[in-house]
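# A structural walkthrough
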Amino acid sequence: MNVVDPVLKEHLYVLNKVATFCDRYGNIDQGNQEIETIFAVLPIWGEPYMSIWERTGLRAFLAPESRAFFKNRRVEFHIFTLSSSLKKLREMPGMRALSELATIRWFNLDDIILVQGQRKLVAMNIAQWATLSLARIRGAGVLLVFADMMYSGGSMGFLDRSIRANAYDLFFTIDLQMGPRAWEDLNDANRFPSGAGSLPAQDLMAVFLDHPSSRELSWRISDGGSHIPLRPARWSVEKKGTVEIRSVAPQPFYLSRHILKKLLAYVPTYLDYIIIESALIGGAKEDRLRILTDPREFLCATIDLNIVGENQKQDLKSSSENILGDTRKSLIHAKLLNPQRAWAIRQPLVIGRNHSVSMLDESVSVLDEIVDLFTVGSAGSSAQLSEFLQFTHEVTLPAFDAVHGEERHTR
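Anyway, here's the lowdown on the structure attached to this text.

Cut-offs used in this document
- Residues numbered from 1 in each chain as written.
- Predicted model: local features only at pLDDT ≥ 70, side-chain atom pairs only at ≥ 80, totals over all residues.
- Heavy atoms only, no water.
- Helix = DSSP H or I, 4+ residues; strand = E, 2+ residues; numbered from the N terminus.
- Buried < 20%, exposed > 50% of the residue type's maximum accessible area, 1.4 Å probe, protein only.
- Phe/Tyr/Trp six-rings, centres within 6.5 Å; stacked < 30°, edge-to-face > 60°.
- Lys NZ or Arg CZ within 6 Å of the ring centre and 35° of its normal.
- Patch = residues over 30% accessible without salt bridge, like charges linked within 9 Å, V, L, I, M, F, W, Y side chains within 5 Å.
- Areas by Shrake-Rupley, 256 points an atom, 1.4 Å probe, with all protein chains shown as cover.
- Salt bridge = Lys/Arg side-chain N within 4 Å of Asp/Glu carboxyl O.
- Pairing = 2+ DSSP bridges.

The next point concerns the environment of Val366. Residue position: Val366 is located in helix 16 (residues 366-372). Judged by its relative accessible area of 3%, Val366 is buried. Separated by 42 residues in the primary sequence, Val366 and Leu324 place their C-alpha atoms 8.2 Å from one another.

Written as structure tokens, this is what we have:
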């Protein structure tokens, strides 16, 4: 193993830990198989994330309008945490209330984070892939929950209705990334007497517009700008107090049990960087995928608390005298400039202080020009990944099935 490429070594490590969790929990009581099942995976440990979860995400799941989410459905929360955080999580009144609505299963990350010293991102990848794998075994859908994510009022109810309507198999979100001062505002009892657990979308948008995180600002490009984001996954532009956000790597939020059978994951990490190609080339249709871009229906935000400290030293953008040319090169390097990602970049999330805002204006912005990079003539520049997944779908997996029969589908 010492001569293996470090990236491949990490992938093998993640696979090993995912397999360990599946072996340990794959045969637990499966309950009534005739009832729809959803596994909600939540990696969480340490302050202040437990505090944010208790005051925001947890309260959103427990809100009266969210109760329908648990009705006539088996919901399991898979909570991946450290021993040092377990006691406080168990003692939260909200967690006890959640246990009356859903099954809670606890997964220990001590060995991964404390003993073996793995990065927290690796632990999160292991948590997500372990639950995704268990969901495939058990025929369940998966909801990806994050400790620092909050939802606007009514969002959980909309999600519940959308899942039951069965019109989509994969939901994505584009979260509003807010800085530490936003958390101070959200905890101002005079401004938000009911707390930050389930604010109206209008209030959540207003806090974001007042306190965007430094990471969000690094993605923000003006038409006469002089920089591009270090990671070419997301861009935003501000005009007249309104912000338009586009992403080629929106955050997967809900995956149905049907689409889990179609995913061709070529690496066991960075789900948002592989899932669109994996789903579409695996046989899913674009009309079964949806990015939640209407704030009136669903809106989520995250608090970027890591700005203080280590992230303060990170260079989140690089200078550029040719925004489009350098963006194209960056997309090709990240293997994100392909026809599958064109579906995502065409769907903007527009945030304004007025719900009636539908577009910034009629003029062409730099984001429209970035969208043009994904036209058919340009998109072939990152086709190598698509071709690899297509080969896997049409040749490798059928050959594997021919040798092993139905064994792969019954495990």
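Within this structure, the stated rule accounts for 16 aromatic pairs. Plain terms: the ring middles of Tyr25 and Phe107 are 4.3 Å apart, the flat faces sit at 45° to each other, and that makes the pair tilted. Taken together, the residues Tyr25 in helix 1 (residues 6-25) and Phe107 in strand 3 (residues 103-108) connect sequence positions 82 residues apart. Among the residues examined, Phe107 registers a relative accessible area of 2% and is labelled buried. Following the ring pairs from residue to residue traces out a cluster consisting of Trp53, Phe61, Phe69, Phe70, Phe77, Tyr151, Phe253 and Phe298. Directly above the aromatic system of Phe69 lies the positively charged group of Arg73, at a separation of 5.0 Å from the ring centroid.

For the rest of this paragraph, the subject is a nonpolar patch on the surface. On the surface, Leu8, Leu12 and Leu15 cluster together to form a nonpolar patch covering roughly 250 Å² of accessible area. Considering the arrangement of structural elements, one finds Leu8 in helix 1. Given the relative accessible area of 43%, Leu8 is considered partly exposed.

Both faces of strand 4 (residues 141-144) are covered, namely the face carrying Gly141 and Leu143 and the face carrying Val142 and Leu144. With four bridges joining them, strand 1 (residues 37-43) and strand 4 adopt parallel strand pairing. Residue pairing for strand 4: Phe39 is matched across the bridge by Val142. Pairing analysis gives two bridges linking strand 4 to strand 11 (residues 251-255), with the strands arranged antiparallel. Of the residues in strand 11, the one forming a bridge with Val142 is Leu255.

Attention now goes to the pattern of salt bridges. Per the stated rule, a full pass over the model turns up 24 salt bridges. When the shortest N-O distance is used, the salt bridge between Asp160 and Arg73 registers 2.9 Å. With a gap of 87 residues between them, Asp160 in helix 8 (residues 155-165) and Arg73 in the loop between helix 3 (57-62) and strand 2 (74-81) connect regions that are remote in the sequence. Here Asp160 and Arg73 have matching classes, each one buried. A salt bridge links Arg138 to Glu76; its shortest N-O distance comes to 2.9 Å. Separated by 62 residues along the polypeptide, Arg138 in helix 7 (residues 120-138) and Glu76 in strand 2 bring together distant segments of the chain. Note on accessibility: Arg138 and Glu76 belong to one class, buried. One network of salt bridges, with partners in common, ties together Asp175, Glu216, Arg220, Arg234 and Glu238.

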